[in-house]
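A look at the structure
The chain contents come next:
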There are 2 protein chains.
Amino acid sequence: MQRIFEALASAPRRRILAILAHGEMSAGDIAARFEMTRASISQHLSVLETAGLVVGEKRGQFVFYRQVPDSLVNTLAGFVQEACPIGRPLRHESAARARRQKS
Amino acid sequence: MQRIFEALASAPRRRILAILAHGEMSAGDIAARFEMTRASISQHLSVLETAGLVVGEKRGQFVFYRQVPDSLVNTLAGFVQEACPIGRPLRHESAARARRQKS
DNA sequence: TCGATATTTAGGCAATTACTTAAATGCCGA
DNA sequence: TCGGCATTTAAGTAATTGCCTAAATATCGA
């Protein structure tokens, strides 16, 4: 929980998650999308992995990273449930609030 | 966005949000729930307010804080949409993933 | 108006973060 | 087995964070 939110506090790390939303990718290919050294990206990946948001799998010369399913969304959903005004299931929040605000 | 995730990276600040989920509360009453000086809580409240997650309203001697509706949930929902494997609406995530995992 | 209460602001300090460059590790193919 | 590529680890540095204490600001009630 703490580690997940710390991981999400960094824009490059959020961007890495967005990239990995489309499928796995090697560390080098990820790094190629940033203007930052490979070492720095490796550190970001390690933060994400420690938080349990991604896993890296070494295949030959490369390390392929992918998202851990559920981890992110479950944490955020759980947090929203205790941090948002009670009695408002996550799935209805947007519409329900819009209605309430209008009236 | 950046400010919101930075705000959420702190456990005390997340706890403040959870407290304010039940309704508004004065800065002092919030601070009373923490083992931390009022000055520190005031700083946390200021971070949350700068992020647009809460607003403080001065009434007499007190400043009452409350959550800004939608702000948190909309940001998180928007982020999940681009950071999670595509084609999975937030409202179905938990159940759908549970089913998928079972099969 | 005075003294007490509520809150914020200012200044300082220790710990952490986010980069960097350089070196180490591991795997591949000639 | 050697040279080269992919990646991580190590070490250093500048900037930021989170807390504190002390001081400032504003409001209340007598």
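Look a little higher up for the structure.
Scope of this entry: the structure provided in the associated data block.

Cut-offs and rules
- Residues numbered from 1 in each chain as written.
- Chains lettered and ligands numbered in written order.
- Predicted model: local features only at pLDDT ≥ 70, side-chain atom pairs only at ≥ 80, totals over all residues.
- Heavy atoms only, no water.
- Helix = DSSP H or I, 4+ residues; strand = E, 2+ residues; numbered from the N terminus.
- Buried < 20%, exposed > 50% of the residue type's maximum accessible area, 1.4 Å probe, protein only.
- Contact = heavy atoms within 4.5 Å.
- Areas by Shrake-Rupley, 256 points an atom, 1.4 Å probe, with all protein chains shown as cover.
- Pairing = 2+ DSSP bridges.
- Near = heavy atom within 4 Å.
- Polar contact = N/O pair within 3.5 Å; in protein donor to acceptor, adjacent residues only side chain to side chain.
- Nonpolar A, V, L, I, M, F, W, Y, C, P; charged D, E, K, R; others polar.
- Axes fitted to C-alpha atoms, helices over the stretch in contact; angles between N-to-C directions.
- Expected span 1.5 Å × (residues − 1).
- Salt bridge = Lys/Arg side-chain N within 4 Å of Asp/Glu carboxyl O.

This brings us to the overall build of chain A. From N to C terminus, chain A includes six helices and three strands. Element order for chain A, N to C, with α for helix and β for strand: α-α-β-α-α-β-β-α-α. The burial tally for chain A puts 42% of its 103 residues in the buried class. Partitioning the contacts of chain A with sequence separation of at least 6, the portion at a separation of at least 24 is 48%. Summed over all atoms, the accessible surface of chain A reaches about 5,800 Å², with 51% contributed by carbon and sulfur.

Residues and elements named next belong to chain B. Taken together, three strands build an open sheet; the order of strands is 1-3-2 and the sheet is antiparallel. Only two strands of the sheet have a single partner each, and these edge strands are strand 1 (25-26) and strand 2 (54-59). Sheet topology places strand 1 next to strand 3 (residues 62-67); two bridges connect them, and they run antiparallel. When the sheet's bridge partners are listed, methionine 25 is paired in strand 3 with tyrosine 65.

Surrounding DNA strand C, one finds 23 residues, the nearest of these being Ser40(A), His44(A), Gly28(B), Ser42(B) and Tyr65(B). Backbone atoms, meaning sugar and phosphate, make up 72% of the atoms of DNA strand C lying within 4 Å of the protein. Ser40(A) places a polar side-chain atom, nitrogen or oxygen, 2.6 Å from a phosphate oxygen of DNA strand C. Ser42(B) places a polar side-chain atom, nitrogen or oxygen, 2.8 Å from a phosphate oxygen of DNA strand C. Looking at the surface near DNA strand C residue by residue, the classes come out as eight nonpolar, twelve polar and three charged.

Residue and element names in this part refer to chain A. Read across the sheet, three strands follow the order 1-3-2 without closing on themselves; strand pairing throughout is antiparallel. Of all strands in the sheet, those bounded by a partner on one side alone are strand 1 (25-26) and strand 2 (54-59). Contacting strand 2 and strand 3 (62-67), helix 4 (residues 38-50) crosses the sheet at an angle of about 120° to strand 2.

The next point concerns helix 5 (residues 71-83) of chain A. Here helix 5 of chain A contains 13 residues, and its C-alpha end-to-end distance of 18 Å stays within 8% of the 18 Å for a straight helix at 1.5 Å per residue. For helix 5 of chain A, the complete set of buried residues consists of Ser71(A), Leu72(A), Val73(A), Thr75(A), Leu76(A), Ala77(A), Phe79(A), Val80(A) and Ala83(A).

Turning next to the pairing of strand 3 of chain B. Residues and elements named next belong to chain B. Pairing between strand 2 and strand 3: six bridges, direction antiparallel. When the sheet's bridge partners are listed, valine 54 is paired in strand 3 with glutamine 67. The loop that links strand 2 with its antiparallel partner strand 3 comprises two residues; one of these, glycine 60, has a positive phi angle of about 65°.

As a further point, take the pattern of salt bridges. Side chains that carry opposite charge are capable of pairing whenever their charged atoms lie near each other. Residues and elements named next belong to chain A. Applying the stated criterion to the full structure yields eight salt bridges over all chains. With a shortest N-O distance of 3.9 Å, arginine 66 and glutamate 24 are connected by a salt bridge. Residue arginine 66 is located in strand 3, and its partner glutamate 24 is located in the loop between helix 2 (11-20) and strand 1; the two are separated by 42 residues in the primary sequence. Since its relative accessible area comes to 37%, glutamate 24 is described here as partly exposed. A cluster of three or more residues bridged by salt bridges with shared partners is formed by Glu24, Glu57, Arg59 and Arg66.

Taken by themselves, the reported measurements are silent on function.
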